[in-house]
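Spelled out, the chains give:
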Amino acid sequence: MWSDMIGNTIGLIALALGWRRSILTWPAQLLSGVILIAAYASAQLSGGVGKQLLVIGVAAWGWHQWSRGRQQAQDGSIAVRFATWKERGLLLAGAVLGTLGVGGLFTLYPSLSWSPWADAYIFVGTLVAMVAQARGLVEFWFAWLLVDLVGVPLAFNSGLAFSGLVYVIYFALVLWGMRDWWLRTRTPALEGTPA
């Protein structure tokens, strides 16, 4: 499916831009979400459509967040850091409660998803990852890894082979991006230093 291929290719570009801490990651994520709505709708995956609507909303919010704090690192990009224990607890609690809530909703309304718990996990995991990314938290990469572990088999089982292949590529890019952001936490940002 062309929409699947184009949307996921743009999603890969968005991930690469996120790795580089470029603000362009957000409009790319937004565009990818718009295109992937067509792919998921044609595969009758309402949960996937809902996820992409969520991606669009969070991408707009993330774009705003990064626009406000863009000059935090020496090179003019977003400064990254590890989450505090409180932030990690909030992300984890949000992931667990969100998955239970969305999974329950998908179970009550089977027309929303043929795989309610896997879709709920991916749906909420995507939200957690994007919120962490918008805040410049290294943990966003860990959240994406956990989403990929379920997303790869689900995409292949749904007949979205290109999405499944892209998830495999995401997995490798996420590992490299995680390493890069992790190493950048060792180089503190100089506040007010011109790029």
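This text goes with the structure placed above it.
Residues numbered from 1 in each chain as written. Predicted model: local features only at pLDDT ≥ 70, side-chain atom pairs only at ≥ 80, totals over all residues. Heavy atoms only, no water.

**Considerations on the pattern of salt bridges**
Applying the stated criterion across every chain, the model contains 4 salt bridges. The partner of Arg 88 in a salt bridge is Glu 139, and the shortest N-O contact between them spans 2.8 Å. Remark: Glu 139 occurs in helix H6 (residues 139-157) and Arg 88 occurs in helix H4 (residues 85-108); sequence separation between them is 51 residues. Note on Arg 88: relative accessible area 26%, which makes it partly exposed. Overall, Glu 139 belongs to the buried group, its relative accessible area being 12%. Ionic pairing is found between Arg 184 and Asp 180, a salt bridge with its closest N-O pair at 3.1 Å. One end of the pair, Arg 184, and the other, Asp 180, are both in helix H7 (residues 161-184), 4 residues apart, so they sit about a helical turn from each other. (Salt bridge = Lys/Arg side-chain N within 4 Å of Asp/Glu carboxyl O. Helix = DSSP H or I, 4+ residues; strand = E, 2+ residues; numbered from the N terminus. Buried < 20%, exposed > 50% of the residue type's maximum accessible area, 1.4 Å probe, protein only.)

**Thoughts on the packing of helix H2 (residues 25-42) against helix H5 (residues 116-134)**
Running from amino to carboxyl end, H2 crosses H5 at an angle of 160°, the nearest separation of the two axes being 12 Å. As far as their axial angle goes, H5 and H2 are roughly antiparallel. Of the two possible hands of crossing, H2 and H5 adopt the one that is left-handed. For the pair H2 and H5, contact is made by Thr 25, Trp 26 and Gln 29 and by Met 130, Gln 133 and Ala 134, respectively. Residues of the contact of H2 with H5, tallied by class, amount to 3 nonpolar, 3 polar and no charged. (Axes fitted to C-alpha atoms, helices over the stretch in contact; angles between N-to-C directions. Parallel < 35°, antiparallel > 145°, perpendicular 65-115°, else oblique. Left-handed = near helix turned anticlockwise from the far one by under 90°. Contact = heavy atoms within 4.5 Å. Nonpolar A, V, L, I, M, F, W, Y, C, P; charged D, E, K, R; others polar.)

**A short note on H7**
Between its terminal C-alpha atoms H7 stretches 34 Å, which fits the 34 Å expected from 24 residues at 1.5 Å a residue. Of the residues making up H7, those classed as buried are Ser 163, Gly 164, Val 166, Tyr 167, Tyr 170, Leu 173, Val 174, Gly 177, Met 178, Asp 180 and Trp 181. (Expected span 1.5 Å × (residues − 1).)

**Topic: unusual backbone geometry**
The phi torsion at Arg 21 lies on the positive side, around 60°, for a residue other than glycine. Considering the arrangement of structural elements, one finds Arg 21 in the loop between helix H1 (2-19) and H2.

**Some words on the packing of H1 against H7**
Where H1 contacts H7, the two axes come as close as 10 Å, and the packing angle between them is 5°. Between H1 and H7, the angle is such that the two are roughly parallel. Packed against H1, whose contacting residues are Asp 4, Met 5, Asn 8, Thr 9, Gly 11, Leu 12, Leu 15, Gly 18 and Trp 19, the element H7 presents Phe 162, Ser 163, Val 166, Ile 169, Tyr 170, Leu 173, Val 174, Trp 176, Gly 177, Asp 180 and Trp 181 at the interface.

**Structural notes on the side chain of Thr 25**
Topologically, Thr 25 is positioned in helix H2. Looking at Thr 25, the relative accessible area reads 0%, which means it is buried. There is a polar contact of 2.6 Å between the side chain of Thr 25 and the backbone oxygen of Ala 14. Residue contacts for Thr 25: discarding those within four places in its chain leaves Ala 14, Leu 17, Gly 18, Trp 66 and Gln 133. (Polar contact = N/O pair within 3.5 Å; in protein donor to acceptor, adjacent residues only side chain to side chain.)

**Quick word on a nonpolar patch on the surface**
Nonpolar side chains collect at one region of the surface, where Leu 92, Val 96, Leu 97, Leu 100 and Trp 117 lie side by side and expose about 540 Å² of accessible area between them. Looking at the nonpolar patch, the element that brings in the most residues is H4, giving 4 residues. Structurally, Val 96 is set in helix H4. Under the relative-accessibility criterion, Val 96 is labelled partly exposed at 44%. (Patch = residues over 30% accessible without salt bridge, like charges linked within 9 Å, V, L, I, M, F, W, Y side chains within 5 Å. Areas by Shrake-Rupley, 256 points an atom, 1.4 Å probe, with all protein chains shown as cover.)

By themselves these figures say nothing about function.
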